[in-house]
Structure formats: structure tokens, C-alpha cells
Amino acid sequence: AGRGIGTAVIGYRLVWAVEWRDQLADVARAVAWVQRHIGEFGGRPDRLFLMGHSAGAHLAARVAADPEWIADAGGDPRGICGTVAVSGAGYDLGDIDTYRLGLDPTYFAERFGGSRLDGTWWRDASVWPWLDPGDPPFLVIYASGEHPALQRQSRLFHARLTAAGVLSTLTPVKGSSHERI
């Protein structure tokens, strides 16, 4: 705050009580609310950065990459200046090599596909299909001590961002874990 940076910490409903698309809508509504009210606190609605950890990284990344969510919530997606995605999973839910590293695909299928391993849920819920050169820059961070599959998701996401023409910086944090980062 002393350097002119404000923070709005948001929440979202959890899976089982709602489905994953409702979580995206919750995040988008929070962004739109902040844009409408940030001026009351001396901030600017056109200078927002989204940040999330773990599932929050997935949600922040998807909302930043898919402007329809913020627009549908009454916000302006052009106000997102950057995204910080910390130790996320679900950037590419169809990546077989991630599962080969030991993540159970049924864990994600239950949350995104109604427990089905078939269908298109993995593409619909992933972030990478929505990437395009107009997306805000990303800082992708992961912990060197977390599960190799999560490390892979961060590296793969950074590569997908770069390939899509999105400015991205990948930063591994040495000696940290998924929980401690």
C-alpha cells in the first residue's frame, strides 16, 4: 500500500457446492465489482492484475485469457494488465504427460467432467485453448519442491503462452513447496 498498490482478496464458491463454470463466474463478478468500486479507494479500473495460487491460478488465468467471463459480469476485460499464476494445475487438463508423472486423471475428471474420462471436459476447462496474442502478460511461478506434474503444467503453460504470442515470464522458486509458495 505504501507504494501505491492496493489488493482486493476475493473468494469463490467451491466445487461440489457448484460446478467449475460457476467458479469462473464468481471470479469474473469480483473483477467487475473491483472495477466499479476501485476509484473509491484511489485505484484505477484499467490497471488491474489478477493473481491466484493452485486452483486460484487456474481461475485467474482462465478469466484473464477468456474475456467473455469479465464482459458477461459487466466488467471491462481490457482493464486487466497482467496475470500472476502461482503453482497452478489445469492449464492443460488433456496433457497425457502430466498424468504420466503421477497425477490421477479421475481427480480432474470428477471436478470438471462429472467423473467421466471421455468427452471434451478437459478442453473446455483448460486455459490454453483460450490463449491469443491480445491476452495480458503472464508471470507463471512454480515451486521446485512441488509435484513434478504441477511443475510440468507451469512449464507447459508458459510454452503455450509464448507460442500464442502472449508475453510470459516463467519463474521457478527454489526450495519451496506447493503449500509454502
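In case you missed it, the structure is sitting above this.
## Observations concerning the overall build of the protein chain
Counting secondary structure elements, the protein chain contains 7 helices and 4 strands. Along the protein chain, from the amino end to the carboxyl end, the secondary structure elements read α-β-α-α-β-α-α-α-β-α-β. Over its C-alpha atoms the protein chain spans a radius of gyration of 16 Å, differing by no more than 12% from the 16 Å that the globule rule assigns to 181 residues. Taken along its principal axes, the extent of the C-alpha atoms in the protein chain is 50 × 35 × 30 Å. Within the protein chain, contacts between residues at least 6 apart in sequence are counted, and of these 73% link residues at least 24 apart. Total accessible area on the protein chain is roughly 9,600 Å²; 56% of this is exposed by carbon and sulfur atoms. Counting 18 positive and 20 negative side-chain charges, the protein chain places the averaged centre of each group 5 Å from the other.

## Some remarks on the packing of aromatic side chains
Tallied over the entire structure, the rule returns 5 aromatic pairs. On the basis of an interplanar angle of 55 degrees and a centroid distance of 6.2 Å, the ring pair of tyrosine 99 and phenylalanine 108 is categorised as tilted. The class of tyrosine 99 is buried, set by a relative accessible area of 15%. Taken together, a centroid distance of 5.1 Å and an interplanar angle of 85 degrees make the contact between tyrosine 107 and phenylalanine 108 edge-to-face. According to the relative accessible area criterion, phenylalanine 108 is buried, its value standing at 10%. Through a chain of ring-to-ring contacts, three or more aromatic side chains come together here, namely Tyr91, Phe138 and Phe157. Of note, arginine 123 hangs over the ring of tryptophan 130, and the distance from its end group to the ring centre comes to 6.0 Å.

## Thoughts on the pairing of strand E3 (residues 138–143)
Of all 6 residues in E3, 5 are buried, a share of seventy percent or more. The sheet contact formed by strand E2 (residues 80–86) and E3 spans 4 bridges and is parallel. Residue valine 86 lies in a different strand from E3, and its bridge partner there is isoleucine 141. Here E3 runs beside strand E4 (residues 168–173); their pairing, made up of 6 bridges, is parallel. Its bridge partner being in E4, isoleucine 141 is matched across the sheet by threonine 171.

## Here's the deal with the pattern of salt bridges
Taken as a whole and assessed by the stated rule, the structure comprises 11 salt bridges. Note that aspartate 66 and arginine 62 form a salt bridge whose closest N and O atoms lie 3.4 Å from each other. Looking at aspartate 66, the relative accessible area reads 10%, which means it is buried.

## Let's talk about the side chain of serine 154
Counting through the fold element by element, serine 154 comes out in helix H7 (residues 148–163). For serine 154, the residues in contact, after removing those within four places along its chain, are Gly88, Tyr91, Val140, Ile141, Tyr142 and Leu170.

Each value, and the rule that gives it
Residues numbered from 1 in each chain as written. Predicted model: local features only at pLDDT ≥ 70, side-chain atom pairs only at ≥ 80, totals over all residues. Heavy atoms only, no water. Helix = DSSP H or I, 4+ residues; strand = E, 2+ residues; numbered from the N terminus. Rg over C-alpha atoms; globule rule 2.2 N^0.38 Å. Contact = heavy atoms within 4.5 Å. Areas by Shrake-Rupley, 256 points an atom, 1.4 Å probe, with all protein chains shown as cover. Lys, Arg positive; Asp, Glu negative; His and termini not counted. Charge placed at Lys NZ, Arg CZ, Asp CG, Glu CD. Phe/Tyr/Trp six-rings, centres within 6.5 Å; stacked < 30°, edge-to-face > 60°. Buried < 20%, exposed > 50% of the residue type's maximum accessible area, 1.4 Å probe, protein only. Lys NZ or Arg CZ within 6 Å of the ring centre and 35° of its normal. Pairing = 2+ DSSP bridges. Salt bridge = Lys/Arg side-chain N within 4 Å of Asp/Glu carboxyl O.

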